[in-house]
Amino acid sequence: MPGTSRPPGDAHGLVSALMRRLAARGVAGDAGEVAAPAADSTDCAQGQTPSPPRLIDLCAVWDPGVFLPAAGWKRASGFARRRLNEAETLNSVQEAQLEQLETARPRRPGSRERGPELRMARQQPPPWVHTAFLLCLLSLSGAIEIPMDPSIQNELSQPPTITKQSVKDHIVDPRDNILIECEAKGNPAPSFHWTRNSRFFNIAKDPRVSMRRRSGTLVIDFRSGGRPEEYEGEYQCFARNKFGTALSNRIRLQVSKSPLWPKENLDPVVVQEGAPLTLQCNPPPGLPSPVIFWMSSSMEPITQDKRVSQGHNGDLYFSNVMLQDMQTDYSCNARFHFTHTIQQKNAFTLKVLTNNPYNDSSLRNHPDMYSARGVAERTPSFMYPQGTASSQMVLRGMDLVLECIASGVPTPDIAWYKKGGDLPSDKAKFENFNKALRITNVSEEDSGEYFCLASNKMGSIRHTISVRVKAAPYWLDEPKNLILAPGEDGRLVCRANGNPKPTVQWMVNGEPLQSAPPNPNREVAGDTIIFRDTQISSRAVYQCNTSNEHGYLLANAFVSVLDVPPRMLSPRNQLIRVILYNRTRLDCPFFGSPIPTLRWFKNGQGSNLDGGNYHVYENGSLEIKMIRKEDQGIYTCVATNILGKAENQVRLEVKDPTRIYRMPEDQVAKRGTTVQLECRVKHDPSLKLTVSWLKDDEPLYIGNRMKKEDDSLTIFGVAERDQGSYTCVASTELDQDLAKAHLTVLADQATPTNRLAALPKGRPDRPRDLELTDLAERSVRLTWIPGDDNNSPITDYVVQFEEDQFQPGVWHDHSKFPGSVNSAVLQLSPYVNYQFRVIAINEVGSSHPSLPSERYRTSGAPPESNPTDVKGEGTRKNNMEITWTPMNATSAFGPNLRYIVKWRRRETRETWNNVTVWGSRYVVGQTPVYVPYEIRVQAENDFGKGPEPDTVIGYSGEDSYTNNQADIATQGWFIGLMCAIALLVLILLIVCFIKRSRGGKYPVREKKDVPLGPEDPKEEDGSFDYSDEDNKPLQGSQTSLDGTIKQQESDDSLVDYGEGGEGQFNEDGSFIGQYTVKKDKEETEGNESSEATSPVNAIYSLA
């Protein structure tokens, strides 16, 4: 019907049916019918760029009466394009009028004349043509995307875009300064201003208010006084440059409140045992609402069960009161979020009247406790909600909480039901001892009637709750930034839903669209703005505000008109090396406005490369599905639009694969013998070859009993510990090949006791006649015929597989089975072209692999896992490199495996940035220094996306000064210099200690009648030389000439410090004289020379 839109699936089916119809005809029939090729009919409907000449007929434009197969959308006249935009609403009369207008319309200079070969009968085209044209219009009207390249981002003019803002309901702590965030980007950088309560907020007049530099964020400072409550209100930020104005949400600023509980004296609550009771909390109204919990006045928590529990309103409910409830008091507590304070209400005390005053604890576990205590049994009745029916409204996306609390003796059980259906098991859960039903993330289908059933042995009652689901506005189609080339058409769409249905209001640069200057190239049609023949002057920022009584949504979308000649974004003259028969992709990222057309050429000649072994992607990459020797050469990509062209070259070199042509073989060796494992490799001579060995899949340590050569590994004097599997790994920088063999070491054997043991044993023969049966989507049965076991029973079978997409020719272990079976069901992964072989194993070794089975390809599916080892690390101070371990062939699950990389700054409400990557790394540029980021990497193939990925925390680069400091601290010369300085300081400390020691007391030989030896020189004035501390006697003793020890009277005699023992004393006993000992210069020099060999004396000489 006119004015209605078809679902995308219907459009796709219509185009497919159309193409089948045209293919069946093969040629044009009656006037107005056009022949079209049958290939690739879906590309246009799916929004892909047509690649000539395959889609040119389907995506051609019907200019009145003329079919333009080669023109495409961009070369059709503006009037014809407008006709296609309105194709579904035009009746035949209007079409005829437009035909006449177009005929009379003067042709612009330079427009293409319609050749007679393309002119067709002047009549209405068939309806399917209008539909096909409309689908092509929808697919080709996508906006230009600006690449993330900083050089382009900084060069192109761009209207403002809000990048960060505070939440709509912004509650702040009154003890802190107020921060209202607003950040935006644009080129030139935008300026900011604010409104408060819809009036201009003059920041310059308030000394407490400031705006951050290069940002619109408001800071309200209360360090010098002021009341935060004075600044409550509704704020809105405006970011403006010469191309337009963007708006933030209307931010409602409120100051957190935690009022005190009103003081009150509570009388004891008197209640009969078995009666119901409600203790009301009535907390003071806080902002946000406080968290309620019940405790005793001694801060012990109140034990809750199905008899005693707290309701969602904070009240404490007793389905029936028992005598033991008197043992404590009950206090309601309110915890306030921002102030982190807990306020306690005066406690309730209970006085329970009972017919049985003895509180016998043994009765608590009595099977009929109430009868034992003389409490009359009662049928249930509802304490909350009251009555038999109530209603409740909940907003879409919120949690619905339904509550039923009942009294009765015995305590009733609660059960929940929904009329006319079951409870949503994936979203419903029971809380508070089944008294509450919570349904998370409510949607419209959750509306209806729910009822709770309260029952005990005396009877049952029920309460019906009618649930109505309303909805604040939510996006169906949020307007996106529109970047067009001059003369192009486009549209902004703002579609939202809600209950009640929201209204849509358009604004431009913050002003209602109705009051904006008229624009003949702009037309508003409800939730859509259509732009035709846009020019540079059409740049602006449009706002869509959709609202109902439950909330609003505000979105900014700018219209930018760019006129940019093509430019290449990748380094020039790249070299790509690839192994023969592999798949490769040559990238050629480009940008321009209008969107350039990209073509590939080889060796500067020939036609455009596309089709067959080549495939060109929308982003300009050229995929070569299977590399051959003749594919080597120079590939040129050329991007062209009406403003010019740009080109880049990629040189492709094809290398021979690395192959082990003589593999190591399984061997059985006696202990002490020599074993040689061969591994001869053929590789491309221009690549560096590395051969390494693994033992039991771990790197092999080459000890002195082993010798590794280029083509073999030799083990001398084989021991039991050498037994195991040996893998030869031959690798270059582009590929690798490996081969495995098993070495069995035999110990000294006793004489065989039976004929079988006496027979020579060998490795089993290879299995044969492999057959695939029971073919299923994710499994297959493999059957084989065992080979001869050669006098050693087969212990195991190893099934290996090979796939021809990611690693053709490389065999991987799939599973292992006991030697008693010859048939097994193999579990398979999606989208793998399997080929199997079987290896038999006995105690001697492994057989040669069987001949391969036939191939079996499984169907594709979205990935079931995501890449592992996701990291985010800065390689420079202004970037962050995101890396991960790519997925292998058996986890790809489909063609064109790629990764959706998302990132955003941690602890912000920024939207996720995302990009699709084909490799295993992506570099985010222009990041702040050392800032944490949330990172997600999700796998995607042509069948869909993988599961939601885990969030990983990464960090942008650190400041280079810090890194340089860290680098210096790890340099060897720096460490050596520090050690030398430390040694020099130590020597100086020793010298200072020695100098200090010389100024103290020193042991001196007494001048008694002790004869001097020749080694004890004495001056004429009677002074003695100091003895070396290393050679001085024990304290309090003196060495005599004959070697005996004689006790000294005192080592501290001041007489010893005088000259010749003639020291003088005052009357009070104080010493008069000098604390010096004279030495002859010659004697001192003699001592120094005699002690030169001592390290200690060397230090003395320094002093």
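Residues numbered from 1 in each chain as written. Predicted model: local features only at pLDDT ≥ 70, side-chain atom pairs only at ≥ 80, totals over all residues. Heavy atoms only, no water.

**Some remarks on the overall build of the protein chain**
So, step 1. Helices and strands together make up the secondary structure of the protein chain, namely 13 helices and 77 strands.
So, step 2. Relative to its full complement of 1103 residues, the protein chain shows a buried share of 42%.
So, step 3. Here the protein chain displays about 60,200 Å² of accessible surface, and carbon together with sulfur accounts for 50% of that area. (Helix = DSSP H or I, 4+ residues; strand = E, 2+ residues; numbered from the N terminus. Buried < 20%, exposed > 50% of the residue type's maximum accessible area, 1.4 Å probe, protein only. Areas by Shrake-Rupley, 256 points an atom, 1.4 Å probe, with all protein chains shown as cover.)

**Some details on the nonpolar core**
So, step 1. In this structure, Ile178, Ile180, Trp194, Leu218, Tyr231, Tyr235 and Phe591 are the most contacted members of the largest nonpolar core, which totals 32 residues.
So, step 2. Counting residues per element, the ones that place at least two in this core are strand 5 (178-180), strand 6 (182-187), strand 7 (191-196), strand 10 (218-220), strand 11 (233-241) and strand 13 (251-255).
So, step 3. If sequence neighbours within four positions are ignored, Ile180 has contacts with Ser166, His170, Trp194, Gly216, Thr217, Leu218, Tyr235, Ile251 and Leu253.
So, step 4. Counting 21 residues, the second-largest nonpolar core is a separate cluster that includes Trp261, Leu279, Val321 and Phe348. (Core = buried A, V, L, I, M, F, W, Y, C linked by side-chain atoms within 4.5 Å. Contact = heavy atoms within 4.5 Å.)

**Some details on the environment of Gln543**
So, step 1. Mapping Gln543 onto the fold places it in strand 38 (residues 540-548).
So, step 2. Classification of Gln543 as buried rests on a relative accessible area of 0%.
So, step 3. Remark: the alpha-carbon pair of Gln543 and Asn556, spanning 13 residues in sequence, is separated by 4.6 Å.
So, step 4. Ignoring any residue separated from it by four or fewer positions in sequence, one finds Gln543 in contact with Thr245, Ala246, Leu247, Gln505, Trp506, Met507, Val508, Asn509, Gly510, Leu554, Ala555 and Asn556.
So, step 5. Within polar-contact distance, the side chain of Gln543 engages the backbone nitrogen of Gly510 at 2.8 Å. (Polar contact = N/O pair within 3.5 Å; in protein donor to acceptor, adjacent residues only side chain to side chain.)

**Describing the pairing of strand 38**
Strand residues, when the strand is regular, have side chains that alternate between the two faces of the sheet.
So, step 1. Most of strand 38 sits inside the fold, with eight of its nine residues counted as buried.
So, step 2. Looking at chain direction, strand 34 (residues 503-508) and strand 38 are connected through six bridges and run antiparallel. The residue bridging Val504 from the neighbouring strand is Thr546, located in strand 38.
So, step 3. Looking at chain direction, strand 38 and strand 39 (residues 551-561) are connected through nine bridges and run antiparallel. Within the sheet, the bridge partner assigned to Val541 lies in strand 39 and is Phe558.
So, step 4. What sits between the antiparallel neighbours strand 38 and strand 39 is a turn of two residues. (Pairing = 2+ DSSP bridges.)

**Re the sheet that holds strand 10**
So, step 1. Taken together, three strands build an open sheet; the order of strands is 5-10-9 and the sheet is antiparallel. If you trace the sheet from one side to the other, it starts and ends with strand 5 and strand 9 (209-211), each paired once. Mean inter-strand twist for the sheet, computed between neighbouring axes without regard to direction, equals 20 degrees.
So, step 2. Strand direction decides the pairing type here: strand 9 and strand 10, joined by three bridges, are antiparallel. Bridge pairing in strand 10 links Met211 to Leu218. (Axes fitted to C-alpha atoms, helices over the stretch in contact; angles between N-to-C directions.)

**Topic: the environment of Tyr614**
So, step 1. Inspection of the secondary structure puts Tyr614 in strand 45 (residues 614-616).
So, step 2. Taking the relative accessible area as the measure of exposure, Tyr614 reaches 13% and is therefore buried.
So, step 3. Each C-alpha atom of the pair Tyr614 and Lys625 lies 6.4 Å from the other, and the pair is eleven residues apart in sequence.
So, step 4. One polar contact links Tyr614 to Asp631, side chain to side chain, over a distance of 3.4 Å.

**A short note on the pattern of salt bridges**
So, step 1. Enumeration according to the criterion identifies 43 salt bridges in this entry.
So, step 2. A salt bridge links Arg495 to Asp527; its shortest N-O distance comes to 3.5 Å. Taken together, the positions of Arg495 in strand 33 (residues 495-499) and Asp527 in the loop between strand 36 (522-525) and strand 37 (528-531) put the pair 32 residues apart, joining distant regions of the chain.
So, step 3. The class of Arg495 is partly exposed, set by a relative accessible area of 37%.
So, step 4. Measuring nitrogen to oxygen at the nearest pair gives 3.2 Å for the salt bridge that ties Lys695 to Asp696.
So, step 5. On the basis of relative accessibility, which here comes to 39%, the residue Asp696 falls in the partly exposed class.
So, step 6. If you follow the salt bridges from partner to partner, you end up with Arg662, Glu678, Arg680 and Asp711 in one network. (Salt bridge = Lys/Arg side-chain N within 4 Å of Asp/Glu carboxyl O.)

**As for the side chain of Ser570**
So, step 1. With respect to the helices and strands, Ser570 occurs in the loop between strand 40 (564-568) and strand 41 (574-579).
So, step 2. Among the polar contacts made by the side chain of Ser570, one reaches the side chain of Asn648 at a distance of 3.2 Å.
So, step 3. Among all residues touching Ser570, those that are not within four sequence positions of it are Pro589 and Asn648.

**Structural notes on the state of the cysteines**
So, step 1. According to the stated counting rule, one finds six disulfides in the structure shown.
So, step 2. The disulfide that involves Cys588 links it to Cys637, with 2.0 Å between the sulfurs. When the S-S torsion is 75 degrees, as for the bridge of Cys588 with Cys637, the disulfide is right-handed. Note that Cys588 is positioned in the loop between strand 42 (584-586) and strand 43 (590-593) and Cys637 in strand 47 (residues 633-641), a separation of 49 residues in sequence. For the residue pair Cys588 and Cys637, the accessibility class agrees, reading buried in each case. (Disulfide = S-S within 2.5 Å.)

**Notes on the packing of aromatic side chains**
So, step 1. Summed over all chains, the structure comprises 15 aromatic pairs.
So, step 2. Aromatic rings pair up to connect Trp194, Phe201 and Tyr235 into one cluster.
So, step 3. Over the face of the ring belonging to Tyr617 we find Arg585, whose NZ or CZ atom lies 4.0 Å from the ring centre.
So, step 4. The lysine or arginine in question, Arg857, covers the ring of Tyr831, its NZ or CZ lying 5.3 Å from the ring centre. (Phe/Tyr/Trp six-rings, centres within 6.5 Å; stacked < 30°, edge-to-face > 60°. Lys NZ or Arg CZ within 6 Å of the ring centre and 35° of its normal.)

**Structural notes on a nonpolar patch on the surface**
So, step 1. A grouping of Trp973, Leu977, Met978, Ile981, Val985 and Leu989 is seen on the molecular surface, where their side chains present a nonpolar patch of about 600 Å² in accessible area.
So, step 2. In this fold, Val985 is placed in helix 11 (residues 972-998).
So, step 3. Given the relative accessible area of 43%, Val985 is considered partly exposed. (Patch = residues over 30% accessible without salt bridge, like charges linked within 9 Å, V, L, I, M, F, W, Y side chains within 5 Å.)

**Here we look at unusual backbone geometry**
So, step 1. Of note, the bond from Tyr384 into Pro385 is cis; its omega dihedral lies within 30 degrees of zero at -10 degrees.
So, step 2. Secondary-structure assignment places Pro385 in the loop between strand 22 (378-384) and strand 23 (389-395).
So, step 3. The phi dihedral of Asp696 is positive, around 55 degrees, even though this residue is not glycine.
So, step 4. Inspection of the secondary structure assignment puts Asp696 in the loop between strand 53 (690-695) and strand 54 (698-699).
So, step 5. Of note, Asn790 is a non-glycine position whose phi angle comes to about 55 degrees, a positive value.

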